[in-house]
Amino acid sequence: MPAVEMQCCRHRTRWLAAALALAVCGTSGCGGARIYKAADLPTQYLAAGVDNVHTLDLSKLAGHAAGSMQIGPGDVLQVAIETGYSDQVDSALARVADDGEVSVPLVGRIRVAGLEPEEAERAISAAAIERGVYRNPTVTLDIKRQRTNRVTVIGAVENPDVYELPRGSSSLLAALVAAGGLSANAATTLEVRHAQPVRTAAAPDAGVTAAGYQAAAAGPPAVHHVNLVEAARQEHNGFPLADGDVVVVEKRDAQPFDVLGLVTKPGRFELPANKDIYLLDALAMAGGVTTPWADKAHLIRPVAGQREPVVVDISIRDAKEKGVGNLRLGPGDVVSVEQTPRTLVTGALRAIAPYSVTAIVPFIR
């Protein structure tokens, strides 16, 4: 063997030896922290799933709001009465007072709040006969203008603005629908600021209140925090809104995670607002691994109340083929694709003799 070739061979041998030594040191588990296998990870260290507000059944937020055709205080009515004596028809506009009564010419005051138009027609006809005004009247009633509630919707909605909602169906759901629905960065909680104190419907539980709860009438206007996930699961009386109320849909804060090591685009990424991200998703977001022989990954997870994070040892191959280790990610997680003896040696061989790597790699562990 020529001297130059022998010298080159010695250099290659020393380089491979150094690479193997580095690999052994890098994979020895420095720091003394306990490393869990993916299959043995305790359940308390698993990341919680993401609640997708866009798939929740929010129909319960409408509650049992009055029908849009029910008469209420502030509505303007057109009342026409065929007297029964001739072809004469008495017609007049009348506004429903705050006490729910309407003043009909000659007939007097009649309570109509909460009635459908046909029910109000019968009530007016009965009152006219009882009071001796008409013998056999025919009453026709139309709601010419229904009072509306002006509700402000801001925050994580598609079209924040001030909306006029029909008083009879002025609910939290109607306000969200009017605003175009929740935006992509909407959180699962929102705040309702009432313009005026509202009456108590039920005693609240500790913490976040359910959507049907209303605060006591005494004191300043109420402010409620509504958990949309809990509201979609519970049976309640809805959440009616009044004139001047403000709905604030909270935005979900950015929740980052990091992907490091043997990936094409290492860096910081953001967890989607309404979608779960798993380990293989994170590797794909980072452009995939830089070498097909990279199989070892560490998931480093911060734990509230603990100084040291939890480290999970994961086989990328098992995650792909068996689903073992394809863990759901949480805020603050770090995914690190680690160097191993195989990746170090194959990297060195690829630099020295790229055409012989495929034949040698199967024998490297």
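Residues numbered from 1 in each chain as written. Predicted model: local features only at pLDDT ≥ 70, side-chain atom pairs only at ≥ 80, totals over all residues. Heavy atoms only, no water.

> How would you explain the overall build of the protein if you had to name every residue and give the values?
A count of helical and extended segments in the protein gives eight helices and 16 strands. Taken across its 365 residues, the protein has 40% of its residues classed as buried. Considering only contacts in the protein between residues 6 or more positions apart, those separated by 24 or more positions represent 63%. On the protein, roughly 20000 Å² of surface is accessible, and the fraction owed to carbon and sulfur atoms is 53%. (Helix = DSSP H or I, 4+ residues; strand = E, 2+ residues; numbered from the N terminus. Buried < 20%, exposed > 50% of the residue type's maximum accessible area, 1.4 Å probe, protein only. Contact = heavy atoms within 4.5 Å. Areas by Shrake-Rupley, 256 points an atom, 1.4 Å probe, with all protein chains shown as cover.)

> Mind laying out the environment of Ala222, listing which residues take part and the relevant values?
Among the secondary structure elements, Ala222 is positioned in the loop between β9 (186–193) and β10 (223–227). Linking Ala222 and Ala195, residues 27 residues apart in sequence, is a C-alpha distance of 7.9 Å.

> Can you explain helix α2 (residues 117–130)? Please cite residues and give values.
Helix length check: α2 (14 residues) gives 20 Å between terminal C-alpha atoms against 20 Å at 1.5 Å per residue, within 8%. Buried within α2 we find Pro117, Ala120, Glu121, Ile124, Ser125, Ala127 and Ala128. Mapping the buried residues of α2 onto a view down its axis gives an arc of 165 degrees, with all of them on the same face. Seen from the buried face of α2, the exposed residues on the opposite side, beyond 90 degrees, are Glu118, Arg122 and Glu130. Buried positions along α2 lie against β2 (76–82), β4 (101–104), β5 (108–111) and β6 (138–145). (Expected span 1.5 Å × (residues − 1). Arc of directions from axis to C-beta.)

> Please set out the nonpolar core residue by residue, giving values where relevant.
Core analysis: the largest hydrophobic core is formed by 28 residues, its most contacted members being Phe257, Val259, Leu283, Val312, Ile314 and Leu329. Among the elements of the structure, β12 (256–261), α5 (279–285), β14 (296–301), β15 (310–315), α6 (316–321) and β16 (334–337) are those that each provide at least two residues to this core. In this structure, Phe257 is in contact with Gly267, Arg268, Phe269, Glu270, Leu271, Ile277, Ala282, Met285, Leu329, Gly330 and Asp333, ignoring residues within four places of it in sequence. With 24 residues, the next largest nonpolar core counts Ala175, Leu190, Val247 and Val249 among its residues. (Core = buried A, V, L, I, M, F, W, Y, C linked by side-chain atoms within 4.5 Å.)

> Before we move on, can you summarise the pattern of salt bridges with the specific residues and values?
Applying the stated rule across the entire model yields 13 salt bridges. One salt bridge connects Arg109 with Glu101, and the closest N-O pair in it is separated by 3.0 Å. Among the salt bridges present, the one from Lys296 reaches Asp313, with a minimum N-O distance of 3.1 Å. Here Lys296, found in strand β14, pairs with Asp313, found in strand β15; they are 17 residues apart in sequence, far enough to count as distant. Of the two residues, Lys296 and Asp313, neither departs from the other in class, the shared state being buried. It is possible to trace a salt-bridge network through shared partners that takes in Lys37, Lys296 and Asp313. (Salt bridge = Lys/Arg side-chain N within 4 Å of Asp/Glu carboxyl O.)

> Hey, could you go over the pairing of β4 for me, with residue numbers and the actual values?
In β4, alternate side chains face the same way, and those of Val102 and Val104 are buried while those of Glu101 and Ser103 on the opposite face are not. For β4 and β5, the ladder comprises four bridges, and the chain directions are antiparallel. Bridge pairing links Glu101 to Arg111 in β5. Adjacent in sequence and paired antiparallel, β4 and β5 are bridged by three residues, among which Leu106 carries a positive phi angle near 75 degrees. (Pairing = 2+ DSSP bridges.)

> Account for the side chain of Asp258, naming residues and giving values.
In this structure, Asp258 sits in strand β12. By relative accessible area, which is 15% here, Asp258 ends up buried. Only 3.0 Å separates the side chain of Asp258 from the side chain of Arg268, close enough to count as a polar contact. When residues no more than four places from it in sequence are discounted, the contact partners of Asp258 are Gly267, Arg268, Asp333, Val334 and Val335. (Polar contact = N/O pair within 3.5 Å; in protein donor to acceptor, adjacent residues only side chain to side chain.)

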